Structure formats: C-alpha cells, structure tokens
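Chain residues, written in single-letter form:
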Amino acid sequence: MKGVPTVRKLDEFLQQLLKPTEKIVDKQLSRFTSPGENYVSVLLRIVIKIEDTKTRNERTIDSVAKLVPETELVEGLFEINQTVGAEFHYYHSIVPAFDKFLKSQGFPEGADFAVQFYCGRLGLTDPKKADKDGIILLKNLRNDGYYVGASKFEGLDLASTKVVLDSLAKFHAAGIGYRYYYPDSFEEKLKLYIYTFNPEHLASIVFTTLIHTLEVSNEFSKEEIETIKAMYSSDHKNFDKNLISDVWRTMIHSDIWTNNIIIKYVKSEPVQAKLIDFQFYDYGTPSNDVIFFLLTSIKQSILEDQLDDLLDYYYKTLLKNLKKMDVIEEKFSKESFNEEIKLAMKNKEYFHILWMSQPLMEESFSNVGALKDQHPNQFLEWTEEHVYKVKYISRLCLERGWF
C-alpha cells in the first residue's frame, strides 16, 4: 500500500474542531482504504487527541478524511471542482436543512441516513472554489459497527436490502417534503452543484461489448437489439430535467450501490444504513435511486424472486414517511410510481446500470483509468456472471415495457 499522502495545512484545518480552551496533543494518520478502492476520493483515517488546557480532560475524535484523488487522470475525469464542491455542500448545507426539517415533522432521529460531518474546506486557493486541497472530515463509523454490507460481486441479502430501502425512503421523503414546504429553498440548495456524470469513453467501450454479447447469445431479436441500441445511445447527459415529474421530483443520490452504503449490524442483523459518497447528487425521482440500487447491488437470486416485493416495500415505506409529514397526495399512487420506474429506466438508468456493470462486476477494473487506452471497438472480456446480468436486465426492460 502506498504511503499516506500529505495534507497541506492540516493543523490549521483541524482548529475548527476545537473549543476555545482546547488544543490538539496528538494526531495519527493512516489510509482508510487501499489506493484506488474508492474511485473518486482518497480516504484517510485521522485519529485526533484533544486536551482541554483548563480541566486537563481529554477527548478523541476518530474520523475519516475524504481527499481529492491522487492522479490527474481521475481529477480530470470526475471534474473535481464539481464533485468536491457537491459533497461539501451536501454535508455543510443540505444535511443540516433536512435534519432540522425531519425533526420538525416528527422524526426525532432526524437525518440519520447521513454520516456525521465534523468540518471541511473546499480548498486553499479560493474559499468558494474546490481545488486539490479540498477535504471533508466525517465520523469514522467502523467503531459503531458500520461496514459495507457485501462485496460488490455478491450483493446484499434480503434483510440488508430492506434496511437500505428504509434509509433511501427517508432520504427521498426528506427531499420531497422539504420541497413541498420550502420550494424556493429547495431549488436554491440543490441547484448549485447539480451534476450529471457521463463517462463517454467507458460507456462507448461497454456499448460495443453489450451489443456483441446480445447478438451472439441468439436470445434477442434484431428488433429488440435495435431498441436496446437506441435506448443506450440516447442523449442522457443533456436530458431536460424540467421533464422530471413535479410530483416526485426530489434530490437523488445518483450512485447508490454497495460501496456507497454502510450498514450497522447487531448480532449479525442489519439495523441501520447510512448513504455515503454524495459527489453526484442530482434532480430526479426516487425511482432513479431505487431501481439502480436493486439492479446492481443485491443478490441475483433475490432480485429475480422478489423485485416486485422490494419495490412495493420501498413504496409503502416512502408513503408512510410522506403521510407523517402531511404531504401525502392522491398523485403519489402506485400506478404513478410504476410509471416513474419506466421513465427512470428509459431516460437514464438502463444506460447508467449497463456502463456501471463494468466496475461493479469485473475484478480487472481496479481503478477508473483501467480502460483509458482501450479502443471503443475492442470487445471486453466479461465473466459468465456479467454476461448473465446484462442479458437479464435487458430482457427485464423489454418484457416490462421500460423502453
């Protein structure tokens, strides 16, 4: 593992944590994850020992610091000014607003889908613009029993899946409810960093292999393959967000898969999920997050046996939250929800799920630069599980009329 990267002006940054009579007496830095394991950030563990100079009492903060990626390739690919700025804004401004709103609506635990935020900075050059010295400091929840619930190759079990859907339903309800009561504030808080990520090179490479895989399988007609080609090749990046449903419009995570969720287990039973890595949040409907999560992050056997049950579980949980906020309307019907799933798949999520299948299902995809030199017309070598997955999702969309 590489050494710990240098964090410029760290001591100055950490002063934000201190009360007037406190000082830092020790700090220990180590890597929280292996280099490349987190695609868009470098994660460090920083354990900070603090002493009160008057009482001599001590306290320790065990934290995770999110830093800008260590390579220029990743910085350029992910538009770091946008992604760092978005996540800082999420923790600094959006979570406190959602937390206060939820508590006012009868949810005493507030925004418990979010990790505790200690402090952050956008950079050192311009306090209003993110740069390579951006840092976000969060609570290290491993000590509280939170972990990634499953390998991305295995997927979550049923109980863990439902815990994640609980947190998603609360997160989405917070956005819908906040917009219902404070529409101007909702637009103001979200519009600053709304961002649609489109990895054109990776998406082109996946497209070539996808179509070849479907053709040689002899399981799809020419007409079906043409439909899939058209769906995948649509202009997703420039989709008009004004077309998003006024009823269901909310803030969405937009990248909710196994590595972006941590789950607390008590005696091996999942009890709470936290949603992390908010670099790409966007306008959308709950269906965007829910269908992306279910089709990418749960065990295949559960997906095939219980997809409708899980969609229904999420929908009922969301409605329960909205009813508690007194924003329930007839427009939030199950038929409307089902239509939103269709629109989500058509406008973004089929494309999103399929290109993401490469980093999610191939061990050879070790980092975001793994395919930078591959020509778009070259076929990728997919595992049997990967081939099965893309065929399953494509057939599911065709059979359910999601195209």
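Residues numbered from 1 in each chain as written. Predicted model: local features only at pLDDT ≥ 70, side-chain atom pairs only at ≥ 80, totals over all residues. Heavy atoms only, no water.

Student: What is the right way to look at helix H6 (residues 200-217) in this model?
Tutor: Each α-helix winds once per 3.6 residues, and so residues spaced three or four apart point in a common direction. Between its first and last C-alpha atoms H6 spans 26 Å; for 18 residues at 1.5 Å apiece the expected length is 26 Å, and the two agree. Of all the positions in H6, only Leu202, Ala203, Ile205, Val206, Thr208, Thr209, Leu210, Ile211, Thr213, Leu214 and Ser217 are classed as buried. The elements touched by buried residues of H6 are helix H7 (222-233), helix H10 (334-361) and helix H11 (384-400). (Helix = DSSP H or I, 4+ residues; strand = E, 2+ residues; numbered from the N terminus. Expected span 1.5 Å × (residues − 1). Buried < 20%, exposed > 50% of the residue type's maximum accessible area, 1.4 Å probe, protein only. Contact = heavy atoms within 4.5 Å.)

Student: Could you clarify how one ought to interpret the sheet that holds strand E5 (residues 135-139) in this entry?
Tutor: On the basis of which strands lie adjacent, the open sheet formed by five strands has the order E1-E2-E3-E5-E4 and antiparallel pairing. Two strands bound the open sheet, and with one partner strand each, they are strand E1 (22-31) and strand E4 (117-121). On average, each strand axis in the sheet is inclined to that of its neighbour by 25°, with strand direction left out of account. Pairing between E1 and strand E2 (residues 42-52): nine bridges, direction antiparallel. (Pairing = 2+ DSSP bridges. Axes fitted to C-alpha atoms, helices over the stretch in contact; angles between N-to-C directions.)

Student: Help me out: how do you make sense of the pairing of E2 in this one?
Tutor: Looking along a regular strand, one sees the side chains alternate between the two faces of the sheet. Burial of E2 is extensive: eight of the eleven residues sit out of reach of the surface. With ten bridges connecting them, E2 and strand E3 (residues 58-67) associate as antiparallel partners. Paired with Leu44 across the strands is Ala65, a residue of E3. Between E2 and the antiparallel strand that follows it, E3, lie five residues; Arg56 among them carries a positive phi value of about 65°.

Student: Is there a simple way to explain the packing of aromatic side chains in this structure?
Tutor: For any pair of aromatic rings, the description rests on two quantities: the centre-to-centre distance and the angle between the ring planes. This structure, assessed with the given rule, holds 21 aromatic pairs. Between Phe101 and Tyr182, the ring centres sit 6.3 Å apart and the planes meet at 85°, which makes this aromatic pair edge-to-face. Taken as a pair, Phe101 in helix H3 (residues 80-104) and Tyr182 in the loop between helix H4 (158-181) and helix H5 (183-191) lie far apart in primary sequence, 81 residues in all. Taking the centre distance of 5.2 Å and the plane angle of 40° together, the rings of Tyr315 and Phe337 count as tilted. You can see Tyr315 sitting in helix H9 (residues 300-324) and its partner Phe337 sitting in helix H10, a full 22 residues away along the chain. Judged on exposure class, the residue Tyr315 and its partner Phe337 are both buried. Among the aromatic residues, those joined into a ring-pair cluster are Phe88, Tyr90, Tyr91, Phe113, Phe117, Phe171 and Phe278. Sitting over the face of the ring of Tyr313, Lys162 holds its NZ or CZ atom 5.2 Å from the ring centroid. (Phe/Tyr/Trp six-rings, centres within 6.5 Å; stacked < 30°, edge-to-face > 60°. Lys NZ or Arg CZ within 6 Å of the ring centre and 35° of its normal.)

Student: What am I meant to see in the nonpolar core here?
Tutor: Soluble globular proteins: nonpolar side chains tend toward being buried together. Counting residues in each nonpolar core, the largest one holds 111 residues, and the members touching the most others are Tyr90, Phe113, Leu210, Phe293 and Tyr350. Residues within four places of Phe113 in sequence aside, it is in contact with Tyr90, Phe98, Leu102, Ser167, Lys170, Phe171, Ala174, Gln272, Ala273, Lys274 and Leu275. Counting residues in each nonpolar core, the second largest holds 17 residues, with Val7, Ile48, Ile50 and Ile61 among its members. (Core = buried A, V, L, I, M, F, W, Y, C linked by side-chain atoms within 4.5 Å.)

So yeah, pure geometry; function would need other evidence.
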